[in-house]
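Chain by chain, the residues run as shown.
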Amino acid sequence: MTTHTTRMLILGSGPAGLSAAIYGARAGMKPILVQGIQPGGQLTTTTDVENYPGFRNVIQGPWLMEEMAAQAEHVGTTLVYDTIVEVDLSQRPFRLVGDGGDVYLGDVLIVATGAQAKWLGLDSEEAMKGKGVSACATCDGFFYRGKKVAVIGGGNTAVEEALYLTNHSDDVTLIHRRDSLRAEKILQDRLFANPKIRVVWNKEVRNFYGAGKPEALTTLELADTKTGQISSLAADGAFVAIGHHPATELFRGHLKLDDDGYIEVEKGSTKTSVAGVFACGDVMDKIYRQAITAAGTGCMAALDAERFLAEADFEKLAEAAE
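Here's a quick rundown of the structure. (Residues numbered from 1 in each chain as written. Predicted model: local features only at pLDDT ≥ 70, side-chain atom pairs only at ≥ 80, totals over all residues. Heavy atoms only, no water.)

The end-to-end C-alpha distance of helix 2 (residues 61-74) is 20 Å, a good match for the 20 Å that 14 residues give at a rise of 1.5 Å each. For helix 2, the full list of buried residues reads Gly61, Leu64, Met65, Met68, Ala69 and Ala72. The buried side chains of helix 2 occupy one side of the element, clustering within an arc of 135 degrees when seen end-on. Seen from the buried face of helix 2, the exposed residues on the opposite side, beyond 90 degrees, are Glu66 and His74. On its buried face, helix 2 sits against helix 1 (15-26), strand 3 (48-49), strand 4 (59-60) and strand 5 (78-80). (Helix = DSSP H or I, 4+ residues; strand = E, 2+ residues; numbered from the N terminus. Expected span 1.5 Å × (residues − 1). Buried < 20%, exposed > 50% of the residue type's maximum accessible area, 1.4 Å probe, protein only. Arc of directions from axis to C-beta. Contact = heavy atoms within 4.5 Å.)

Shown next as structure tokens:
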């Protein structure tokens, strides 16, 4: 077992955590970043990325995260392959323990553990991810300009995704397993008023089918939730929009979470309910959930943490001078 000590400890290695690390390292914090169970975050499961600024051509998600990690290391971040299983935020330095027993001590802590999209759990869904099946219309809708697309779900996210997709497609189908939506009424009104969207009620997706070389989505197999009758729907793209799981279980009881499990932060900052702990990226953002916004809040978290440390150092000097 080893004890690792740093001024700035960061959990999570997606765009938020790595951006925080880059800013923290450049400020002389010598951050330690614990990468967690999915180094690189959600972008490592994304193929084509066309909306991250700075690249005129389509880039690959895993490559982008490799470059971010290399940049963070280059400016002075220590990347550690470990998974945190225990936290103690009752006093500073904060104490975290990895699954192998290593102890991590940080004067400040930046939580960037992210969130995971909820999936249907179908084998065919897994096989067709990146081949027509996605969990982010804002990320991937552009690739389906003028094509047939489907959205699966009935809450705010699903309705918002369907409405967004009408910017690219004149043929959007919302598939819901019940006979009424859970989304807010104002969103439902916009949905039903949009001539580009039709709703298929009481249906659930049983399979995704593709064809061609390279393989691409062509058809969704649907089952009626009342009669069990099987039908099919032609679609070039399908967007699963049934919610997200923020990776906050480790902090339940330690940090204030909202009703959906996201870490609550002070408005206009990344400060959490515990002084010296900051949150950034999808772990605190359930609205935008983009790589660029995650990176932006990672920058904010590093700057907030740096200011916190500067104030703490000043107070120590003042106390010593008295």
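Further notes follow.
One finds Met8, Ile10, Leu18, Val108, Ile110 and Phe278 to be the most contacted residues of the largest nonpolar core, which totals 31 residues. Looking at this core, the elements that each hand over two or more residues are strand 1 (3-11), helix 1, helix 2, strand 8 (103-111) and helix 7 (291-321). Here the element with the most residues in this core is helix 7; it accounts for seven residues. Each residue touching Met8, except ones within four places of it in the same chain, is listed here: Ala20, Gly24, Met29, Pro31, Ile32, Val108, Ile110, Ala302 and Ala305. Counting 22 residues, the second largest nonpolar core, distinct from the first, contains Ile32, Leu255, Ile263 and Val274. (Core = buried A, V, L, I, M, F, W, Y, C linked by side-chain atoms within 4.5 Å.)

It is worth spelling out the sheet that holds strand 13 (residues 197-200) at this point. As summarised here, the arrangement of the five strands in space is 10-17-11-12-13, forming an open sheet in which the pairing is parallel. Here the strands that pair on one side only, and so sit at the sheet edges, are strand 10 (133-134) and strand 13. Sheet topology note: the strand 11 (residues 148-152)/strand 12 (residues 171-175) ladder contains five bridges and is parallel. Bridged to Lys148 within strand 12 is Asp171. Along the sheet, helix 5 (residues 156-165) makes contact with strand 11, strand 12, strand 13 and strand 17 (237-240), crossing strand 11 at roughly 165 degrees. (Pairing = 2+ DSSP bridges. Axes fitted to C-alpha atoms, helices over the stretch in contact; angles between N-to-C directions.)

Turning our attention to helix 6 (residues 185-193). When we look at burial in helix 6, the residues that qualify are Leu187, Gln188 and Leu191. Each buried residue of helix 6 lies within a common arc of 100 degrees when the element is viewed along its axis, so the set occupies one face. Along helix 6, the residues that are exposed and aim more than 90 degrees away from the buried face are Lys185, Ile186 and Ala193. Lining the buried residues of helix 6 we find helix 5, strand 12 and strand 13.

Turning next to the sheet that holds strand 16 (residues 230-234). Hydrogen bonds between backbone groups are what pair the strands of a sheet, and the pairing can be parallel or antiparallel. An order of 14-15-16 is seen for the three strands of this open sheet, with the pairing classed as antiparallel. The sheet terminates laterally at strand 14 (203-211) and strand 16, the two strands that pair on one side only. In this sheet, neighbouring strand axes are inclined to one another by 30 degrees on average, regardless of whether the strands run parallel or antiparallel. Sheet topology places strand 14 next to strand 15 (residues 216-224); eight bridges connect them, and they run antiparallel. By the bridge assignment for strand 15, Lys203 is matched with Asp224.

The subject of this paragraph is the packing of aromatic side chains. This structure, assessed with the given rule, holds five aromatic pairs. Considering the side-chain rings of Phe55 and Trp63, the 5.7 Å spacing of their centres and the 80 degrees angle between planes classify their relative orientation as edge-to-face. A relative accessible area of 33% means that Phe55 is categorised as partly exposed. Seen from the ring of Trp119, Lys129 lies directly overhead, with NZ or CZ sitting 4.0 Å from the centre. Here the guanidinium or amino end of Arg145 rests over the ring plane of Phe142, the centre of that ring lying 3.9 Å away. (Phe/Tyr/Trp six-rings, centres within 6.5 Å; stacked < 30°, edge-to-face > 60°. Lys NZ or Arg CZ within 6 Å of the ring centre and 35° of its normal.)

The full count for this structure, using the stated rule, is 13 salt bridges. We note a salt bridge from Glu215 to Lys131, for which the minimum N-O separation is 3.8 Å. Residue Glu215 is located in the loop between strand 14 and strand 15, and its partner Lys131 is located in the loop between helix 3 (123-128) and strand 10; the two are separated by 84 residues in the primary sequence. A relative accessible area of 35% places Lys131 in the partly exposed class. For Arg307, the salt bridge goes to Asp304, with nearest N and O atoms at 3.8 Å. One end of the pair is Arg307 and the other is Asp304, both in helix 7 and three residues apart, which spans about a single turn. Classification of Arg307 as exposed rests on a relative accessible area of 52%. (Salt bridge = Lys/Arg side-chain N within 4 Å of Asp/Glu carboxyl O.)

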